[in-house]
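Observations on the model geometry
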Amino acid sequence: MVSSEPKGPAKVAKTTTPGKPANGQKFKPGGAGGARKFDKSGGGPGKKFDKPGAGGPRKFDKSGSGGFKKFDKSGTDGAKKFGGGGNKFAEGNKFRGKPQAQPQAPPEGEKQDWNKFKQEKKDLKLKRKSSKDTYEITKEAKQIYEKLRCRKTENKDKLVEQIYKVLNVGDTISKVVKAHDTARVLQCMLKYASPALRAEISEQLLPFTVIMCQSKYAQFCVQRMLKYGSPATKSKLVDSLYGHIVRLAGHSIASGLLDTMYQSATPQQRIHMRQEFYGDLYQKAKDSNVKTLSDTYKEATNMKASILGSVKANLDHVANKQLVDSSLVHAVMLEYLRACDEDEEKLEETVTAFAALVPHMLSTKEGSEAGVICFYKSTPKNRRAIIKNIKEHLLKIATHEHGHVFLISLLNSLDDTKATKKAIYDHLHGDLKTLVGNQYGRRVVQWLVAPGDTTCFHPEFIRVVDEGLAFGKKEKELRRKEIFEQIEAPIAQAIAEEADFWLSNSHIGLVTADILNHIQGESYEKAAAALAQVIAQPDWRISADAAGPVPQDKKKPHNDVEAIIAEATKQRRKLLNADSSSSSSSDEGDEDGDGDAEDGGKESQTGEEDEAEPKLKKTKKEAKKSKAKAEEPAAPLVTGIEEAGMHIVLKKILKNDGKREGHPFSQKLLQSLSTDVLKVWLGVNRSCFVLLKLVEESPALLEDCKKAIAAEKSLSHTLVQQKTLGAKLLAAKLNIGK
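Residues numbered from 1 in each chain as written. Predicted model: local features only at pLDDT ≥ 70, side-chain atom pairs only at ≥ 80, totals over all residues. Heavy atoms only, no water.

Here we come to the overall build of the protein chain. Scanning the protein chain for helices and strands turns up 37 helices and 2 strands. Out of the 738 residues in the protein chain, the part that is buried amounts to 37%. Put simply, of all contacts in the protein chain between residues at least 6 apart along the chain, 65% involve residues at least 24 apart. About 44000 Å² of surface is accessible on the protein chain, with carbon and sulfur atoms providing 51% of the total. (Helix = DSSP H or I, 4+ residues; strand = E, 2+ residues; numbered from the N terminus. Buried < 20%, exposed > 50% of the residue type's maximum accessible area, 1.4 Å probe, protein only. Contact = heavy atoms within 4.5 Å. Areas by Shrake-Rupley, 256 points an atom, 1.4 Å probe, with all protein chains shown as cover.)

Next up on the list: the side chain of Thr417. Here Thr417 lies in helix 21 (residues 417-429). Classification of Thr417 by relative accessible area gives buried; the value is 4%. If we skip the residues at most four places from it in the chain, Thr417 touches Lys474, Arg479, Glu482, Ile483 and Gln486.

Tallied over the full model, the rule gives 19 salt bridges. Glu460 is the partner of Arg463 in a salt bridge, and the nearest nitrogen-oxygen pair spans 2.5 Å. Separated by 3 residues within a single helix, Arg463 and Glu460 lie in helix 24 (residues 459-465), roughly one turn from each other. Residue Arg463 is joined to Glu467 by a salt bridge in which the shortest nitrogen-to-oxygen separation is 3.2 Å. By relative accessible area, Arg463 is classed as partly exposed at 44%. Connected via shared salt-bridge partners are Lys312, Asp316 and Glu349. (Salt bridge = Lys/Arg side-chain N within 4 Å of Asp/Glu carboxyl O.)

What follows is about the environment of His429. Relative to the elements of secondary structure, His429 occurs in helix 21. Residue class for His429 comes out partly exposed when judged on its relative accessible area of 29%. Along the primary structure His429 and Ala494 are separated by 65 residues, whereas in three dimensions their C-alpha atoms are 8.9 Å apart. Not counting residues within four places of it along the chain, the set of residues in contact with His429 comprises Pro490, Ile491 and Ala494.

Before going further, it helps to spend a moment on the environment of Thr296. Within the fold, Thr296 resides in the loop between helix 13 (281-284) and helix 14 (304-320). Between the C-alpha atoms of Thr296 and Tyr278, which are 18 residues apart in sequence, the distance is 8.1 Å. In this view, Thr296 contacts Tyr278, Tyr282, Val290 and Ile307; residues no more than four positions away in its chain are not counted.

With that settled, consider helix 33 (residues 675-682). Turning to helix 33, its buried residues are Val677, Leu678, Trp681 and Leu682. Seen end-on, helix 33 carries its buried residues on one side only, within an arc spanning 130 degrees. Seen from the buried face of helix 33, the exposed residues on the opposite side, beyond 90 degrees, are Asp676 and Val680. Looking at the buried positions of helix 33, the neighbouring elements they touch are helix 27 (521-535), helix 32 (664-672), helix 34 (685-697), helix 35 (702-710), helix 36 (713-721) and helix 37 (725-734). (Arc of directions from axis to C-beta.)

Okay, empty space enclosed by the protein next. Taken as a whole and assessed by the stated rule, the structure comprises 1 cavity of 30 Å³ or more. As a volume, the largest cavity reaches approximately 70 Å³. Contributing to the lining of the largest cavity are Leu411, Asn412, Trp447, Leu448, Pro451, Arg479, Arg480, Ile483 and Phe484. Class assignment for the residues of the lining of the largest cavity results in 6 nonpolar, 1 polar and 2 charged. (1 Å grid on protein atoms, 1.4 Å probe; cavity = no way out; pocket = protein on both sides within 12 Å on 5 of 7 lines; lining within 4 Å. Points joined across faces, edges and corners; volume = space filled by probe spheres on them. Nonpolar A, V, L, I, M, F, W, Y, C, P; charged D, E, K, R; others polar.)

Next up on the list: the packing of aromatic side chains. Within the structure shown, the criterion is met by 8 aromatic pairs. Ring centres 5.1 Å apart and planes at 15 degrees place the aromatic pair Tyr376 and Phe471 in the stacked group. You can see Tyr376 sitting in helix 17 (residues 365-376) and its partner Phe471 sitting in the loop between helix 24 and helix 25 (476-497), a full 95 residues away along the chain. Using a relative accessible area of 9% as the deciding quantity, one classes Tyr376 as buried. The exposure class assigned to Phe471 is partly exposed, which follows from its relative accessible area of 34%. Among the aromatic residues, those joined into a ring-pair cluster are Trp447, Phe457 and Phe461. The cationic tip of Arg383 hangs over the ring face of Phe375; the distance from NZ or CZ to the ring centre is 4.8 Å. Here Arg443 stacks its cationic end above the ring of Phe461, 4.7 Å away from the centre of that ring. (Phe/Tyr/Trp six-rings, centres within 6.5 Å; stacked < 30°, edge-to-face > 60°. Lys NZ or Arg CZ within 6 Å of the ring centre and 35° of its normal.)

Our focus in this paragraph is the packing of helix 31 (residues 644-657) against helix 34. Packing of helix 31 against helix 34 leaves a shortest axis separation of 9 Å and a crossing angle of 10 degrees. With respect to helix 34, the axis of helix 31 lies roughly parallel. Contacts between helix 31 and helix 34 pair Ala644, His647, Leu650, Lys651, Leu654 and Lys655 from the former with Arg686, Phe689, Val690, Lys693, Leu694 and Glu697 from the latter. Looking at the contact of helix 31 with helix 34, its residues break down into 6 nonpolar, 1 polar and 5 charged. (Axes fitted to C-alpha atoms, helices over the stretch in contact; angles between N-to-C directions. Parallel < 35°, antiparallel > 145°, perpendicular 65-115°, else oblique.)

The residue Gln322 is not glycine, and still its phi comes out positive at about 55 degrees. By the secondary structure assignment, Gln322 is in the loop between helix 14 and helix 15 (327-339). If you check the backbone angles, Asn735 has positive phi at about 60 degrees while not being a glycine. Here Asn735 is to be found in the segment after helix 37. The class for Asn735 is partly exposed, based on a relative accessible area of 46%.

Before going further, it helps to examine the side chain of His402. Here His402 shows up in the loop between helix 19 (394-398) and helix 20 (403-413). Given the relative accessible area of 19%, His402 is considered buried.

Glancing now at the environment of Val695. By the element assignment, Val695 lies in helix 34. Non-local contacts of Val695, meaning those with residues more than four positions away in its chain, are made with Leu701, Leu702, Cys705, Lys733 and Leu734.

Below, the discussion takes up the nonpolar core. Ranked by internal contacts, the top residues of the largest apolar core, which has 93 residues, are Phe406, Trp502, Ile515, Trp540, Phe665 and Trp681. Top element by residues in this core is helix 27. It accounts for 8 residues. In this structure Trp681 touches Ile535, Ile641, Leu669, Leu673, Ser687, Cys688, Val690 and Leu691, once residues within four positions along its chain are discounted. (Core = buried A, V, L, I, M, F, W, Y, C linked by side-chain atoms within 4.5 Å.)

It is worth spelling out a negative patch on the surface at this point. Together, Glu342, Asp343, Glu344, Glu345 and Glu348 give the surface a local cluster of negative charge. Checked against the element boundaries, Glu345 lands in helix 16 (residues 344-354). Look at Glu345 and you get exposed, because its relative accessible area is 58%. (Patch = residues over 30% accessible without salt bridge, like charges linked within 9 Å, V, L, I, M, F, W, Y side chains within 5 Å. Lys, Arg positive; Asp, Glu negative; His and termini not counted. Charge placed at Lys NZ, Arg CZ, Asp CG, Glu CD.)

This next bit is on the packing of helix 5 (residues 180-192) against helix 6 (residues 195-205). Two measures define how a pair of helices packs: the angle their axes make with one another and the distance between the axes. Two elements in contact, helix 5 and helix 6, have axes separated by 8 Å at closest approach and are oriented at 140 degrees. Classified by the angle their axes make, helix 5 and helix 6 are oblique. Counting all contacts with helix 5, which are made through Met189, Leu190 and Lys191, the residues of helix 6 involved are Arg198, Ile201 and Ser202. Across the contact of helix 5 with helix 6, the residue classes tally to 3 nonpolar, 1 polar and 2 charged.

The periodicity of an α-helix, 3.6 residues per turn, causes residues three or four positions apart to be oriented the same way. Between its first and last C-alpha atoms helix 25 spans 32 Å; for 22 residues at 1.5 Å apiece the expected length is 32 Å, and the two agree. At Ile487, helix 25 is bent by approximately 40 degrees, the largest bend along its length, and proline Pro490 sits one to four residues beyond. Buried within helix 25 are the following residues: Arg479, Arg480, Ile483, Phe484, Ile487, Glu488, Ile491, Ala492, Ala494 and Ile495. Contacts made by the buried residues of helix 25 are with helix 20, helix 21, helix 22 (432-436), helix 23 (441-449), helix 26 (506-518) and helix 27. (Expected span 1.5 Å × (residues − 1). Bend = angle between axes of the 7 residues up to and from the residue.)

Right under this line is the structure:
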């Protein structure tokens, strides 16, 4: 029998009299006179498992005061086997781990003291931090860091040395580099350290470069090493990534850093980075004789299939994570597409996989070339998919240095001209001003209007683009004619509606001249009339940002990091000295008088605002807007008829207009010139040459021009009095003053 006073969990008695439970029995009666679960001594045959009924107990009864619990071994209080309080993982659970102290909840009916609750949470957080072995070291380092990050602090290199002495204990630096707070300390150290100390810190971090590149916070330390490190440090950074290039290229954080390192690497290092995509063999050892993918199987052609398979697998790994916006991936992709020229099956698989990612491949020259090959060798279904994917990015692609080449190649190879106009031009027409205002977007417009024109494009560029004609079925001239006929009227209408924009500077004016040279009929007359009215305005002025080479006082930026930091520090000290002098003068003004006090108060107030300004946090959008406003000075305006580039544009338009019947532009321009405008023009050498070009290219308008000038004696007198070459030639041509 078990003792009547159990110590710990109660145990079931081994021998009991039937019908008489011993003390500490596992299942107790449900109440006074209630039936027991294993009762066999009643008036009738007892059931082993009673079903729920009137007064009948349930097997797992948890409701009611008299109900018992299946796992109740601890007495009459109804506690569960694994502890009380409803905690599933109480002390009896060996997998529970270390006990964690938690803030105590107040008893029922009492109000929560939130200040006390918050303080308890802070204490717990501090206790958890202090349990780390680097807590005291990082705490001391961050205290010095607060002084280091202040703009007004001088001799920052000394503070960096102090922090380094604190952190340079064992492997502390490698432990704290991935934390969000101490990573910022290391970034600041790399920025302000002396060259020797910066190299020493970098040497300690180099063995952990691969891990740092994949860390959310440590990646910024790698960026600082790339920005402020010496050329030797940058070279070691790239070398430390060997063997992990493919894995890092497929990592969401590390891929951007890898692209930056690839762009700043030496040519030999770039070759070694590309070699890792060729197979596992090149991840362990580099071959200086292998420059491109084709060199890997030059001597062993039987290895070509396996090598191309490895490259395809690596590219698919990167493509599945949509991380193809990288110069390294673009270079490998281009080599692979050129090597797969004969294997159409592999090429089609790769093109299908990369069809949705073509917009992200157009940021580099190699990527643009790879995108062009993908489009040329795609099936009609894949071509439609590529066009669909670039629709929402058309303006960015058209105004990009390398993207516009892909777009021109696409326009030159599509056979369905109606679909081309609907899918491409209709989406760009609303942004025609933005397109023409960009140096690369203008080339897209020029190709639509004058494709293959050697006056607009280099012959080599035309040859490269015309390679796509082999992948189309329609004749070249027929395709180009159909496209131009569809866009002729919309472009002419756009010029007629905003003619002043189309003559706002010389670069846009050259595009306008090319368009006028190719449009015909009513469209030409409408556009020519609108442009002539703009030119004849007395206050016609254009921006001088494209008028010629603007003299730049700034020197070409150099790569000497120490010189850059020293120059920035010098400029900052000058500003601080100016602020301090202004504040001291304001104090003196306060003592002199009331009027001076007001001025001094304003100066001191502005000084305080200047000092407090860095503390104010700006949103990213506000910072970008303020920076853009500071960097974009107002473009100076000059008289349109006197500007050298616009002078060439007008002569080009007049030359092309002289070949047309009726000379619509020349005639409309001559009719729109008022007496006041003519008087100004005759006093300018270049405008006299414009009038001379007009009468030379359109002889039928010679008499009209002579009558317009001879009708006013003041105009004839002005022309005769001029000593410029243009005025003399014009007077001789019109036979005035003889």
